[in-house]
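Examination of the molecular architecture
For reference, the chains in residue letters:
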Amino acid sequence: MSELVAAEDVLLFVNAAVTATGQREFRSSAAAQRFSLAFVHEYVRVNYRPVYAASLALDINHHNAALVVEGLLRTSDEAGGPEEKRAEGRLIAARLALLPPQRVYRLFRALRAAGVNNRRTRAIVRGWLATRRDPAHDAVKYRSGLKATLRHVHGRLPDAETGDFLFAPRRRVRYENPTLDAFRRARYEQGALYELPFTVAEGFAAKHGVPRAVFLERIAPRMTRLERLRTARAADLSVMPLTRLAVYVLSLPFGERVARRAELTGALRAAARRAAGPYAGTWGRVAGVLDDSFSSSGSAVKRRRPLAVALGCHFLLEALAAPGAYVPLWTSGGDDALLVRPYGPTPLGSRVLDALETGPDRLVIVSDGWDNAPPGLAGEVLRVWRTRLDPERRTGVVHLNPVYDAEGFDVRALAPGVPVAGIRDAEDLAALVEIAQFAEGRTGFGELRAYLDRRVELFLTAADAGAGAADGPGSRLGNQRGGAPEGGAGNRSADRPEGRVGGGVEERA
């Protein structure tokens, strides 16, 4: 019994770490989300510290990854011994390499505010700075974060020019580095701002009164694909991740979706095939119950996020199912996935009945779990199905929930016998279906630890391979103990928030 309780506790944390971001949800405030999440983090860190650290190897979101790193570094004295500290250090370093730099700098500032400045923390911070390849880029784009970090770890910059830019900006009349000099010239020269990163150039454009349309046209070559997406510029849909593509599609007016139906549908299916990888077409007959009720509209800060996850899962399930063997069932009763919108109640029970009548090999439910038309019908249908009609479990049923329930400290489940897992990105669907098997209550803590150990091994192996490829003549900074190794954004992918653990389904399933 104690092993089952431990496994439930760990899965509860994984669900929270995948879905919760500390932001307002449809049914809970940001304050409630943060309070609930803080409790779950502390509870698991105190009682299952090795598992808490191992969660960095899973597909938890950036917000919770940063909280895990901060929690481990704040409580270094609670680690079991040198071996455990080394294992934590490797996991922290590997995860920091995947986080967007702005989030990492925010984490370092939080550590500084908390007075966490032990030898271990300084070594980890310096190690991360050593991976940054362009000091000038970070000095311009993340100026305050880099300054605070260097001061906190008592760092020294390897080139005096960048040091003067950060700490003595009036010492030099001009800079040899083109990025630093462009920043200097942009104060009085409009042309120079187009040599800067987009987010920095935006401020100078406003100062000079440059019309927005003109600015966006000229700065376009220096924008990342996400910046193009956020500013409604033409984005390359062929390389966009599935969930972000779904968010983009849902942001378009219905008329534009209809006019671009072939383009958008083709891009969504291509992204789903990339996410499915070698598992495309291997799931047999699949039925998907997808929630497009009003609550899928999310909140002001997570607009239509649950619906975007459901839309992404729809196309991914289509790719994973055998050709022609996928049956999608939206709670609204609609049959045009491209034109879905958050509307109406959540009649999950009737949709689950319709799905089971098709005799699927797998039934995947993507919903926030608030079955309300009528309340509780879905749970009762699934209970009777599992205990009376399908005790041999010929049909695999899993519930994926994109919304964290702050009051329950977990994602909301439909029925006790149906495994539930939190989901934030549709690309993680296959891996989460695998994790959900541990939520059925038939496996203990030992099996879960073995699974986590395998994931940690794969994660660290991939991180070591990436670090080996990065160490070369192009690296600007070594891992120097004397001064803070410093770097910038030569790795352009690190500047994009969509950096992920692993890759496609083939690496995580």
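Not measured: the values here are computed from a predicted model. (Residues numbered from 1 in each chain as written. Predicted model: local features only at pLDDT ≥ 70, side-chain atom pairs only at ≥ 80, totals over all residues. Heavy atoms only, no water.)

1. Side note on the overall build of the protein
This is how it is decided: Here a helix means four or more residues in a row that DSSP labels H or I, a strand means two or more in a row labelled E, and each is numbered from the N terminus. Burial classes: relative accessible area under 20% of the type maximum marks a residue as buried, over 50% as exposed, and values in between as partly exposed (1.4 Å probe, protein chains only). By the convention used here, residues are in contact when the closest approach between their heavy atoms is within 4.5 Å. Residue burial considers only the protein chains on display, and all accessible areas are found by Shrake-Rupley using a 1.4 Å probe.
Scanning the protein from N- to C-terminus turns up 23 helices and seven strands. The burial tally for the protein puts 54% of its 509 residues in the buried class. Counting only contacts in the protein whose residues sit at least 6 apart along the sequence, the fraction spanning at least 24 positions is 70%. Accessible area of the protein: about 22,100 Å², with a carbon and sulfur share of 53%.

2. Considering the packing of helix α15 (residues 242–251) against helix α18 (residues 305–320)
Note the cut-off: Lines fitted to C-alpha atoms define the axes, with helix axes restricted to the stretch in contact, and inter-axis angles between N-to-C directions lie between 0 and 180 degrees. Small angles under 35 degrees read as roughly parallel and large ones over 145 as roughly antiparallel, with 65 to 115 read as roughly perpendicular and the rest as oblique. By convention, the crossing between two helices is left-handed when the near helix turns anticlockwise from the far helix through less than a right angle, and right-handed when the turn is clockwise. Just so you know the grouping, Ala, Val, Leu, Ile, Met, Phe, Trp, Tyr, Cys and Pro go in nonpolar, Asp, Glu, Lys and Arg go in charged, and all remaining residues, Gly too, go in polar.
At a minimum axis distance of 8 Å, the contact between α15 and α18 shows a crossing angle of 120°. In terms of axis orientation, α15 runs oblique to α18. Of the two elements, α15 crosses α18, and the hand of that crossing is right-handed. Side by side, α15 and α18 meet where Leu242, Thr243, Ala246, Val247, Val249 and Leu250 of the first sit next to Arg305, Leu307, Ala308, Val309, Leu311, Gly312 and Leu316 of the second. Partitioned by chemical class, the residues of the contact of α15 with α18 number 10 nonpolar, two polar and one charged.

3. As for the confidence of the model for the protein
Selection criterion: For every residue, the predictor states its confidence as a pLDDT score lying anywhere from 0 to 100.
Averaged over all residues, the pLDDT of the protein equals 87, while 90% of them reach at least 70. Here residues 472–509 scores under 50 on pLDDT; set against residues more than four positions off or in separate chains, the count is 125 contacts.

4. Some thoughts on the pattern of salt bridges
Note that side chains of opposite charge can pair when their charged atoms are close. The following threshold applies: By salt bridge we mean one thing: a side-chain nitrogen of Lys or Arg within 4 Å of a carboxyl oxygen of Asp or Glu.
As enumerated under the stated definition, the model contains 31 salt bridges in all. Glu318 is paired through a salt bridge with Arg269; the nearest N and O atoms lie 3.2 Å apart. Here Glu318 is found in helix α18, whereas its partner Arg269 is found in helix α17 (residues 261–276), with 49 residues between them in sequence. What makes Glu318 partly exposed here is its relative accessible area of 28%. Of the charged contacts in the structure, one is a salt bridge between Arg449 and Asp453, with a shortest N-O distance of 3.8 Å. Linking Arg449 with Asp453, this pair stays in helix α22 (residues 445–470), spanning four residues, or about one helical turn. A relative accessible area of 41% places Asp453 in the partly exposed class. The structure contains a network of salt bridges with shared partners spanning Arg45, Arg49, Glu78, Glu84, Glu88 and Arg120.

5. Some points on helix α6 (residues 101–113)
To keep it simple, the criterion reads: The length a helix should cover is 1.5 Å for every residue beyond the first. The arc in question is the one traced by the directions running from the helix axis out to the C-beta atoms.
Taking 1.5 Å as the rise per residue, α6 with 13 residues should run 18 Å; its terminal C-alpha atoms sit 18 Å apart, in good agreement. Inspection of α6 places Pro101, Val104, Tyr105, Leu107, Phe108 and Leu111 among the buried residues, and these make up the whole buried set. Buried positions in α6, seen along its axis, are confined to an arc of 155° and lie on one side of it. The outward face of α6, more than 90 degrees from its buried face, is lined by the exposed residues Arg106 and Ala113. Turning to α6, the residues buried within the fold contact α4 (62–74), α5 (82–96), α7 (119–130), α8 (135–141) and α9 (143–152).

6. Digging into the packing of aromatic side chains
The line we're drawing: Each aromatic pair joins two rings of Phe, Tyr and Trp (for Trp, the six-membered one) with centres within 6.5 Å, and gets the label stacked for planes under 30 degrees apart, edge-to-face for over 60, and tilted for any other angle. We call a charge positioned above a ring when the Lys NZ or Arg CZ atom is no farther than 6 Å from the ring centre and deviates by at most 35 degrees from the ring normal.
Taken as a whole and assessed by the stated rule, the structure comprises 13 aromatic pairs. Considering the side-chain rings of Tyr43 and Tyr48, the 6.4 Å spacing of their centres and the 70° angle between planes classify their relative orientation as edge-to-face. Aromatic pair Phe183 and Phe204: ring centres 5.3 Å apart, planes at 80°, arrangement edge-to-face. Of this pair, Phe183 sits in helix α11 (residues 178–185) while Phe204 sits in helix α12 (residues 198–208), and the two are 21 residues apart along the sequence. Taken together, the ring pairs in this structure connect Phe39, Tyr43, Tyr48 and Phe409 into an aromatic cluster. The ring centre of Tyr343 lies 4.5 Å from the NZ or CZ of Arg341, which sits over that ring.

7. Points about the sheet that holds strand β4 (residues 396–401)
Our working definition: What makes two strands pair is DSSP finding at least two bridges between them.
Ordered in space as β2-β1-β3-β4-β7, the five strands form an open sheet in which the pairing is parallel. Every other strand in the sheet has two partners, leaving β2 (326–330) and β7 (420–422) as the edge strands with one partner each. Pairs of neighbouring strands in the sheet enclose a mean axial angle of 20°, with direction left out of account. Pairing geometry for strand β1 (residues 286–290) and strand β3 (residues 362–366), over five bridges, is parallel. Opposite Leu290, over in β3, you have Val366 as the bridge partner. Each of β4 and β7 is contacted by helix α1 (residues 2–19), which is oriented at about 40° to β7, the strand it contacts most.

8. Re empty space enclosed by the protein
Stated formally: Method remark: on a 1 Å grid restricted to protein atoms, a set of points is classed as a cavity if a 1.4 Å probe fits but cannot get out and as a pocket if it is open with protein on both sides within 12 Å along at least five of seven lines; lining residues have an atom within 4 Å of a point. Grid points are joined across faces, edges and corners, and a volume is the space filled by probe spheres set on the points.
Across all of its chains, the model carries three cavities of 30 Å³ or more by this definition. Taken as a whole, the largest cavity spans an internal volume of roughly 50 Å³. Around the largest cavity, the lining residues are Asp291, Ser295, Ser296, Pro306, Ala310, Val366, Ser367, Asp368 and Pro402.

9. Let's talk about α15
Where burial is concerned, most of α15 is hidden: seven out of the 10 residues are buried. Those residues of α15 lying buried are Leu242, Thr243, Leu245, Ala246, Tyr248, Val249 and Leu250. Contacts made by the buried residues of α15 are with α14 (225–230), α16 (254–259), α17 and α18.

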